[in-house]
Amino acid sequence: MSQIDPKIDALIPTWMNVPEIAEQWGLVVTKVRRLVDDGTLLAVRRGENNALMVPAAFIGERGTVKGITGLITLLRDSGFTDEEMLEWLFTDDPSLPGTPAQALNENRGTEVKRRAQAMAL
């Protein structure tokens, strides 16, 4: 995990660190770190402490937002870097409308996945 580019960092309104996610989900911190390590969660290093952070838009009340894990896998398999994924997920798309991350949170993941698959071709 690398330090996030400030331009991409500015696209993401809210972040959560690993301990916050663990507390919200009722898990130990090492379990959440394992989710990052195995690619279930997308995390980057940011801030002056270089803390491991996850966009809050990926975090549901009891687990990841529906569809985010499969979307991350699809984009990774298509050659996207973590920063490219974040930039795409948090850049406004008037045809959606909103951002792909917002659409996932509003249970419009099918259209987001369709767009990601089209980009992969």
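Everything below is about the structure printed above this text.
Overview of the structure. Each chain carries its own residue numbering, running from 1 in the written order of its sequence. Per-residue local features are limited, in this predicted model, to residues with pLDDT of at least 70; the limit for side-chain atom pairs, both in listing and counting, is 80 or more; totals at the level of whole chains, interfaces and linings are taken over all residues. Side-chain measures were taken over the full set of non-hydrogen atoms in the model, leaving aside hydrogen atoms and water.

### Looking at the packing of helix α4 (residues 68-77) against helix α5 (residues 82-89)
- What counts as an axis is a line fitted to C-alpha atoms, over the stretch in contact for a helix, and the angles between N-to-C directions run from 0 to 180 degrees. In DSSP terms, a helix is any run of H or I states spanning at least four residues, a strand is any run of E spanning at least two, and both are numbered starting from the N terminus. Where α4 contacts α5, the two axes come as close as 10 Å, and the packing angle between them is 125°. Judged by the angle between their axes, α4 and α5 are oblique. Both α4 and α5 take part in a crossing whose hand is right-handed. Between α4 and α5, the contacting residues are I68, L71, I72, L75 and R76 on the first element and D82, M85, W88 and L89 on the second.
- Split into classes, the residues belonging to the contact of α4 with α5 amount to seven nonpolar, no polar and two charged. For classification, angles of less than 35 degrees are called roughly parallel, those exceeding 145 degrees roughly antiparallel, those between 65 and 115 degrees roughly perpendicular, and all remaining angles oblique. Less than a right angle of anticlockwise turn of the near helix away from the far helix marks a crossing as left-handed, whereas a clockwise turn marks it as right-handed. When checking whether two residues touch, look at their non-hydrogen atoms; a contact exists if any pair is within 4.5 Å. Polarity classes work like this: nonpolar for Ala, Val, Leu, Ile, Met, Phe, Trp, Tyr, Cys and Pro, charged for Asp, Glu, Lys and Arg, and polar for all others, with Gly in that last group.

### Quick look at the sheet that holds strand β3 (residues 51-55)
- On the basis of which strands lie adjacent, the open sheet formed by three strands has the order β1-β3-β2 and antiparallel pairing. In this open sheet, the two strands that pair with only one neighbour each are β1 (15-17) and β2 (44-46). Going from strand to strand, the sheet's axes swing by 55° on average, the running direction of each strand aside.
- Any two strands with at least two DSSP-identified bridges between them are counted as paired. Two elements, β2 and β3, share three bridges in a ladder whose sense is antiparallel. Its bridge partner lying in β3, R45 is registered against L52.

Everything listed is a geometric property; what it means functionally is a separate question.
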